[in-house]
Amino acid sequence: MEAEAGPSSPRNPPQLSWRNLSRNLILAYQSFGVVYGDLGTSPLYVYTSTFVGKLQNHHNENTIFGAFSLIFWTLTLIPLLKYVFILLSADDNGEGGTFALYSLLCRHARFSLLPNQQAADEELSAYKYGPSTQLASSPLKRFLEKHKRLRTALLLVVLFGACMVIGDGVLTPAISGNNGFLTLLHLFSDGCCVSSAEVVVLACCILVGLFALQHCGTHRVAFLFAPIVIIWLMSIFAIGLYNTIYWNPKVLRAISPHYIIKFFKETGKDGWIALGGILLSITGTEAMFADLGHFTALSIRLAFAFVVYPCLVVQYMGQAAFLSKNPSSIPTSFYDSIPESIFWPVFVIATLAAIVGSQAVITATFSIIKQCHALGCFPRVKIVHTSRHMYGQIYIPEINWILMILCLAVTIGFRDTTMIGNAYGIACITVMFITTWLMALVIIFVWQRSIFIAAAFLLFFGSIEGVYVSSSFIKVPQGGWLPLVLSIIFMAIMYIWHYGTRRKYNFDLHNKVSLKWLLGLGPSLGIVRVPGIGLIYSELATGVPAIFSHFVTNLPAFHKVLVFVCVKSVPVPYVAPEERYLIGRVCPRPYRMYRCIVRYGYKDIQRDNGDFENQLIQSIAEFIQMEADEPQFLSSESPSLDGRMAVISTRSVQSTSSLIVSEQMEFDMSTTIQSSKSSTLQSLRSVYEEENPSIRRRVRFQLPPQSPAMDPSVREELMDLIQAKEAGVAYIMGHSYVKARRSSSFLKKLVIDIGYSFLRKNCRGPSVALNIPHISLIEVGMIYYV
C-alpha cells in the first residue's frame, strides 16, 4: 500500500532507512536536471538586467553591493524560507502547485463549484490528509462557503496562477535559448561573421530539439541533464569564490541589510524600477513546488539547501566583487568575470545549462495541466505516464507541441532578451504572489492554525512580493504584456471548459429519471431485456441519468444486467486501488440494476489495462454476496432512494471472490462463445478477434460448487451476472450537444455555443479518454439546453 501511495508526505514520514535515503539522494540528483536548471542559470543575466535604464548612472561600489544584498536576502527569504521550509510542507500527499493547494482547500471547506461531492469520498485514506480532528466551522469559512461569487473568484485566482505557470513554460525556453547566443554575438560583434538572424535560427533549432526530447520522460531527461547542471553549479561556485578573493573580499559585508537601505537612498525611484532585474534571481523557484509530484520534498530540500543555494550566493557575491572594480563590464558581467584560461569550457557549459533551464517549467506545465484536467478545468488531452515508480512523471504531447510553437514565436518576435526578461519576471512573481495567498488560506483551513499566524505569513511574504509585483508591472509596455495575454487566453479556455462542464452536470442533475417511474415499469422495465451487460456511462454519482430514458424511448430493448458507471475525479492526488470502486444497487434485486463509481485522483493515470470489465464483474459479485451477509444493506433498499453503496477492494475481490475465475488463451476463444448468441454475432466476434491480435486471453467466471451457505436468490443473481457477462458487454455513452437556451444572454450563448462547443469538438473524445473499445460502444445523441 505504501509503495502505491506515491511520494511520502511530511505528515506521515516513513521510517528512516538506508533504502529511503538512497532513493531520496537519487531523486535529488535527478532534480538538478529538472527543477534547478532555470534557477541555476539566473546569474547569466541578473546584473545585466538590473543595471539597465536609468540605473546606468549609478555604477559604483555601493549600488553594486546593495544589488547583491538584495539578491542575497531575496534568495534567502523566498526560495529558502518560504518554499523549502514552509511551502513544501503543504504538499497534497506528495503533489505540489497551486492546484494542489486548491484541492486541499476544497476538501476542508466547500469551495468547489462542481456539486458532485459524496460523503463516501471523505472516507478515502488520502482525503483525511491533515489534522484528524476538525475544529468548529469558523466565521470566515462559513462566509466563503455561503457566497458563490467568492468561491468563483478563488477559482479564477487559481486558474490565473496556473496560466502564469504555463506562460512561464513559454518564456523560459525563449530567454534561455536566446541569452547565450546573443551574448556571444555581443562579445564578438567586431568582425563577427554571424548575424543576429542566424543566431535566432540556431536558438530555434535547439528549442525544437529540447521539446522533441520530452517524450522520453522526466526521469530519462533528468539523468541526461543532471550532470550538466551539477557541473554548471560547481563551475559558478568556483568562479564566484575566485572573484570574491581576487577582486574585492569586502563584498562579504554586503550580506548586511544595511546595504539595501543605502542602495535605495542613493538610487531612489530608479532602484525601485530596477527590482525587476533583481527578481530574475529567483525565477524558477515555483518549479520546486510545482514539480514536487515528480520527486519528494526531502530530495528537493537536500538539493537546494546543500548545493544550489550556496553555489548561487557565492556566484552572485563573486560577480558583485568583480563589477565593483570593473563597472564598465555590466552589459556582459558574467562572461567578463570568467578567468580567460577557462572561458570557453565555461561558455559551453553555460549554454548547455541555459538550455536545460527550460526543463523545469516544461515539466511543471505538464503537472499543472494534468491537475486542471482532473479537476474539470481543462479539455481532455492525452496524458502519458512515463515512469513505473514515480506516478507524477507524465508527458502531454498536445501541450508539448503547443508550448514549442508559442516559444518559437516569442523567440522570433522578441529578439531582445531584456523584453523577454520583463515578461518572464511578471509571470514568476505573479505565481509566487498567488501561492502566498493560497498558502495563507491553507494555514487557516487545512493546518487549522490561528488566523493571526496566517495573517503574519501573508503580511511578511506578501509585502516582499508585493514590492516586486509593483516594480514588475511598470514594465508591462516593455514586453511585460506577453504573459498577461497568454494567461488571459489560457484562463479563458479553462474557465469556459469548467463553466460548460458545470452547466452540463447541473442539467443532468435536474433531469434525472424518477425512480418512481422506473419502479412502475416493473423488473422488465416494460421493454425487452436482451442477454448481456449494459454499462451506461454518466457523470452523475446518484440517480438515473436522462440518457437512459432517452435510449429506451427510442429503442425499447435493453440488457438483462444494467450498470450505471460514473468515472469521477475526487480532490485528492491519488486513490488507492482498494478504494477505487464504489458498488451499489439502483433498484430492488429483481431489476438487476447496479451502480459503479470509479474514483480517480488528480494525479492518477487511467491506464488501459484491459481488465476493467473483469474487475467490475468481480466487484458486483462481491457486493451481492456482501449484501446477503450484512442485513443493513437490505434495510437500505427503498422505493425512493438508491441502495447503500459499498467500497469493494479489488485486491480482496481477487483473494476472496464469490466467483471462480478461469482464463483461456486467444486461440481457444471461439469455444467460449455461448450458444445464446446468434451465428451472425459469433462470426462478427471471430472476425474482430482475428483483426485484433492484442486480445490475449478471455476470463470466464463460474459459481463455486453448491454450498448450503449460499442463499438461492444470491446464487440465481450471480448466475444471471455470469450469463450476462458471457453474452457480451456493451458500453452506452451520450454523444451530447450542449447549447444555450434561447432566453440566455448573448455572453452565455457566446461561451456555450461557440467556446465550449469548439473545445469539445477539438479535444479527445470521452470514449478515447476512458479507453472504451469501439466495437462495444453505443453512442446516444442528446442535446443539452443549459
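The protein chain is annotated in an unreviewed UniProt entry as Potassium transporter of Macleaya cordata. Entered under Sequence similarities (unreviewed entry) in the UniProt record, the comment concerning the protein chain runs "Belongs to the HAK/KUP transporter (TC 2.A.72.3) family."

Q: Please give an account of helix α23 (residues 546-554) that cites residues and values.
A: Taken as a whole, α23 has its buried residues at Ala546, Ile547, Phe548, Phe551 and Val552. Structurally, α23 contributes buried residues whose contacts are with α22 (515-521), β3 (528-537), β4 (557-569), β10 (729-739) and β11 (777-785).

Q: Would you mind going over the sheet that holds β3 in detail, with residue names and values included?
A: Pairing is mixed across the open sheet formed by seven strands, whose spatial order is β7-β5-β6-β4-β3-β10-β11. Each of the sheet's edge strands pairs with one partner strand only, and the pair in question is β7 (646-648) and β11. Pairwise comparison of adjacent strand axes, ignoring direction, gives a mean angle of 30 degrees for this sheet. By the bridge criterion, four bridges tie β3 to β10 in an arrangement that is parallel. For Leu535, the partnering residue across the bridge sits in β10 and is Tyr731. The strands touched by helix α21 (residues 476-510) within the sheet are β10 and β11, with β11 carrying the most contacts at an inclination of about 95 degrees.

Q: Can you lay out the environment of Met733 for me, pointing to particular residues and giving the numbers?
A: Secondary-structure assignment places Met733 in strand β10. By relative accessible area, Met733 is classed as buried at 6%. Taking the C-alpha atoms as reference points, Met733 and Ile536, 197 residues apart in sequence, are found 6.2 Å from one another. Setting aside anything within four residues of it in sequence, one finds Met733 in contact with Tyr537, Ile547, Pro766, Ser767, Leu770, Ile772, Leu777, Ile778, Glu779 and Val780.

Q: Talk me through the packing of aromatic side chains; I want residue IDs and the actual numbers.
A: Under the counting rule described, the total for this entry stands at 31 aromatic pairs. Relative to Phe264, the ring of Phe263 has its centre 5.3 Å away and its plane inclined at 80 degrees; by these criteria the two rings are edge-to-face. By relative accessible area, which is 29% here, Phe264 ends up partly exposed. Residues Trp497 and Tyr756 carry aromatic rings whose centres are separated by 5.3 Å and whose planes lie at 45 degrees to one another, so their mutual orientation is tilted. In this pair, Trp497 sits in helix α21 while Tyr756 sits in helix α29 (residues 746-762), placing the two residues 259 residues apart along the sequence. Assessed through its relative accessible area of 2%, Tyr756 is described here as buried. Members of the aromatic cluster, each reached through a chain of ring pairs, are Trp232, Phe334, Tyr335, Phe343, Trp344 and Phe347.

Q: Break down the packing of helix α1 (residues 18-34) against helix α14 (residues 297-325) for me, citing the residues and quoting the values.
A: Between α1 and α14, the shortest axis-to-axis distance is 8 Å and the interhelical angle comes to 65 degrees. When the axes of α1 and α14 are compared, the crossing they make is right-handed. Touching Asn24, Leu25, Leu27, Ala28, Ser31 and Phe32 of α1 are Leu298, Ser299, Leu302, Ala303, Val307 and Val308, all from α14. Across the contact of α1 with α14, the residue classes tally to nine nonpolar, three polar and no charged.

Q: Can you break down unusual backbone geometry residue by residue, with the values?
A: The backbone of Gln448 shows a phi angle near 60 degrees, a positive value even though the residue is not glycine. If you trace the backbone, Gln448 turns up in the loop between α19 (417-445) and α20 (451-472).

Q: Now, about the pairing of β4: what can you tell me, with residues and values included?
A: Summarising the sheet, β3 and β4 pair through eight bridges and their orientation is parallel. By the bridge assignment, Val530 is partnered in β4 with His559.

Q: I'd love a proper account of the environment of Gly601, names of residues and values included.
A: Along the chain, the position of Gly601 falls in the loop between β6 (593-600) and α24 (612-629). Measuring from C-alpha to C-alpha, the distance between Gly601 and Val572 comes to 5.0 Å, with 29 residues separating the pair along the chain. Setting aside residues up to four positions removed in sequence, Gly601 forms contacts with Lys370, Ala374, Val570, Val572, Pro573, Tyr574 and Val575.

Q: Describe the pattern of salt bridges, listing the residues and the values that go with them.
A: Enumeration according to the criterion identifies nine salt bridges in this entry. Notably, a salt bridge pairs Glu627 with Arg589, separated by 3.4 Å at the nearest N-O pair. Of this pair, Glu627 sits in helix α24 while Arg589 sits in the loop between β5 (581-585) and β6, and the two are 38 residues apart along the sequence. Accessibility expressed as a relative area gives 2% for Glu627, which makes it buried. Classification of Arg589 by relative accessible area gives buried; the value is 18%. Residue Arg589 is joined to Glu717 by a salt bridge in which the shortest nitrogen-to-oxygen separation is 3.1 Å. Taken together, the positions of Arg589 in the loop between β5 and β6 and Glu717 in helix α28 (residues 712-727) put the pair 128 residues apart, joining distant regions of the chain. Pair check on accessibility: Arg589 and Glu717 agree, each one buried. Members of the salt-bridge network, linked through shared partners, are Arg585, Arg589, Glu627 and Glu717.

About the criteria used
Counting starts from 1 at the beginning of each chain's written sequence and moves along it residue by residue. Per-residue local features of the predicted model are confined to residues with pLDDT of at least 70, and side-chain atom pairs are confined, for both listing and counting, to 80 or more; whole-chain, interface and lining totals are unaffected and use all residues. With hydrogens and water excluded, all non-hydrogen atoms of the structure serve as input to the side-chain values. UniProt positions are given in the numbering used here, feature names are shortened, and annotations may be inferred rather than shown by experiment. Buried residues are those whose accessible area, probed at 1.4 Å on protein chains only, stays under 20% of the maximum for their type, while exposed residues exceed 50% and partly exposed ones sit between those limits. Secondary structure elements are taken from DSSP: a helix is a run of H or I of four residues or more, a strand is a run of E of two residues or more, and numbering for both begins at the N terminus. The contact criterion used throughout is that any non-hydrogen atoms of two residues lie within 4.5 Å. Strand pairing requires that DSSP identify at least two bridges connecting the strands. Whenever a helix is involved, its axis is fitted only over the stretch in contact; in every case the axis is a line through C-alpha atoms, and angles between N-to-C directions fall within 0 to 180 degrees. Here a Phe, Tyr or Trp ring, Trp counted by its six-membered ring, pairs with any other such ring whose centre lies within 6.5 Å, and the pair is stacked when the planes are under 30 degrees apart, edge-to-face when over 60, and tilted otherwise. Handedness of a crossing follows from how the near helix is turned relative to the far one, being left-handed for an anticlockwise turn of less than a right angle and right-handed for a clockwise one. Gly is placed with the polar residues, together with every amino acid not listed as nonpolar (Ala, Val, Leu, Ile, Met, Phe, Trp, Tyr, Cys and Pro) or charged (Asp, Glu, Lys and Arg). The salt bridge criterion pairs a side-chain nitrogen of Lys or Arg with a carboxyl oxygen of Asp or Glu, the two atoms within 4 Å.

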